[in-house]
Amino acid sequence: GQNIDQPTEMTATEGAIVQINCTYQTSGFNGLFWYQQHAGEAPTFLSYNVLDGLEEKGRFSSFLSRSKGYSYLLLKELQMKDSASYLCAVRGPNAGNNRKLIWGLGTSLAVNP
Amino acid sequence: GAVVSQHPSWVICKSGTSVKIECRSLDFQATTMFWYRQFPKQSLMLMATSNEGSKATYEQGVEKDKFLINHASLTLSTLTVTSAHPEDSSFYICSARDPEYNEQFFGPGTRLTVL
């Protein structure tokens, strides 16, 4: 079956660092994505990992271990505007442009002053 | 990155009417678009995969006769909610994948309220 797990909620303090974990069990793997979604808005792309290791992009970094079926999103120097839902998604095994994403339920992050 | 637009951004309709939502890729051609539905405080739920020039692929439990999808061109897909009922009230979001990028780009979403 297809399953993606991530914590439902997290709380952190402005200026701190927070790590959001995601574990997956899927029948195929063609990359893992992290998206940010503010309430009432569509998701926006944050990061993409297809090989093991850490990808850094400004305050956000994403890590992948394919052998462990594990990823995390690291947010540094937290700002109030980072309060949002963070969605982990795995791209399925279908060929070509029809590779749909398998979505986790999202982690709602609250950043407190 | 690529840009995807949706229209309308919000719509209120009476029960029993049909509503059409448009999804356009503005600066790239998308042979495949995806339609999602999201209820408050819940994650995205994929409804169907829209394929240009062929029938859409619906996810299990999604009524294809109720949610009509037409992908008439490489830049436009439409979702029509037929005979809408209050339980169809939701946030509908489309996405498309630009072949030059790995990620899916999302439209801004359409908030449907059925009275």
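Every chain's residues receive numbers from 1 upward, in the order its sequence appears when written. Whichever chain is written first is A, and whichever ligand is written first is 1; the rest continue in order. Only residues with pLDDT of 70 or above have their local features reported here, since the model is predicted, and side-chain atom pairs are shown and tallied only from 80 upward, although totals for entire chains, interfaces and linings are computed over all residues. Calculated side-chain values reflect all of the structure's heavy atoms, with hydrogen atoms and water omitted.

J.: Got a sec to walk through the overall build of chain A? Specific residues and values, please.
T.: When helices and strands are tallied, chain A shows zero helices and eleven strands. Secondary structure elements of chain A occur, N-terminal to C-terminal, as β-β-β-β-β-β-β-β-β-β-β. The buried share of chain A, reckoned over its 113 residues, is 48%. Contacts between residues were defined by any pair of non-hydrogen atoms, one from each residue, lying within 4.5 Å. Across chain A, contacts joining residues at least 24 apart in sequence account for 55% of those joining residues at least 6 apart. Under the convention used here, a 1.4 Å probe and the Shrake-Rupley method define accessible areas, while residue burial counts only the protein chains that appear. Surface accessibility of chain A: about 5,400 Å² in total, with carbon and sulfur atoms responsible for 50%. Charged-residue counts in this description rest on Lys and Arg as positive and Asp and Glu as negative, His and the chain ends being excluded. Each charge is placed at NZ for Lys, CZ for Arg, CG for Asp and CD for Glu. If the 9 positive side-chain charges of chain A are averaged to one point and the 9 negative ones to another, these points end up 10 Å apart. Numbered from the N terminus, helices here are DSSP runs of H or I no shorter than four residues, and strands are runs of E no shorter than two. Residue exposure (1.4 Å probe, protein chains only): buried if accessible area is under 20% of the type maximum, exposed if over 50%, otherwise partly exposed.

J.: Kindly report on the state of the cysteines, identifying the contributing residues and their values.
T.: Residues and elements named next belong to chain A. The definition used for a disulfide is geometric: two cysteine sulfur atoms within 2.5 Å. Going through the model one piece at a time under the given rule, you end up with two disulfides over all chains. At a sulfur-sulfur separation of 2.0 Å, the disulfide partner of Cys22 is Cys88. Since a negative S-S torsion denotes a left-handed disulfide, the Cys22-Cys88 link at about -70° is left-handed. Placement of Cys22 in strand β3 (residues 18-25) and of Cys88 in strand β9 (residues 84-91) is noted, with a sequence separation of 66 residues between them.

J.: Report on the nonpolar core, specifying residues and quantitative values.
T.: Across soluble globular proteins, nonpolar side chains show a tendency to be buried alongside one another. The nonpolar core is taken to be a set of buried Ala, Val, Leu, Ile, Met, Phe, Trp, Tyr and Cys residues, with the residues joined through side-chain atoms within 4.5 Å. Core analysis: the largest hydrophobic core is formed by 26 residues, its most contacted members being Val4, Trp35, Phe67, Leu79, Tyr92 and Leu112 of chain B. At the level of secondary structure, the elements contributing two or more residues to this core comprise β2 (10-13), β3 (19-25), β4 (32-38), β5 (45-51), β7 (67-73), β8 (76-81), β9 (90-97) and β11 (110-114) of chain B. Ala12, Trp34, Cys88 and Val111 of chain A belong to the second largest nonpolar core, which has 21 residues in total.

J.: Describe the layout of surface pockets, naming the residues involved and giving the relevant values.
T.: Buriedness for pockets is judged along seven lines, at least five of which must meet protein on both sides within 12 Å for an open set on the 1 Å grid over protein atoms alone, while cavities are sets there where a 1.4 Å probe fits but cannot get out, and lining residues have an atom within 4 Å of a point. Grid points are joined across faces, edges and corners, and a volume is the space filled by probe spheres set on the points. The calculated volume of the largest pocket comes to roughly 650 Å³. Together, 28 residues line the largest pocket, and Ser85 of chain A together with Gln38, Pro40, Lys41 and Gln42 of chain B are the ones closest to its centre. Elements with a contribution of two residues or more to the lining of the largest pocket: β1 (3-5), β9 and β11 (107-112) of chain A. Broken down by element, the lining of the largest pocket gets its largest block of residues, four residues, from β11 of chain A. We call Asp, Glu, Lys and Arg charged. Ala, Val, Leu, Ile, Met, Phe, Trp, Tyr, Cys and Pro are nonpolar, and the rest, Gly among them, are polar. Looking at side-chain class alone, the lining of the largest pocket contains ten nonpolar, 13 polar and five charged residues.

Everything listed here is a matter of geometry and, on its own, says nothing about what the molecule does.
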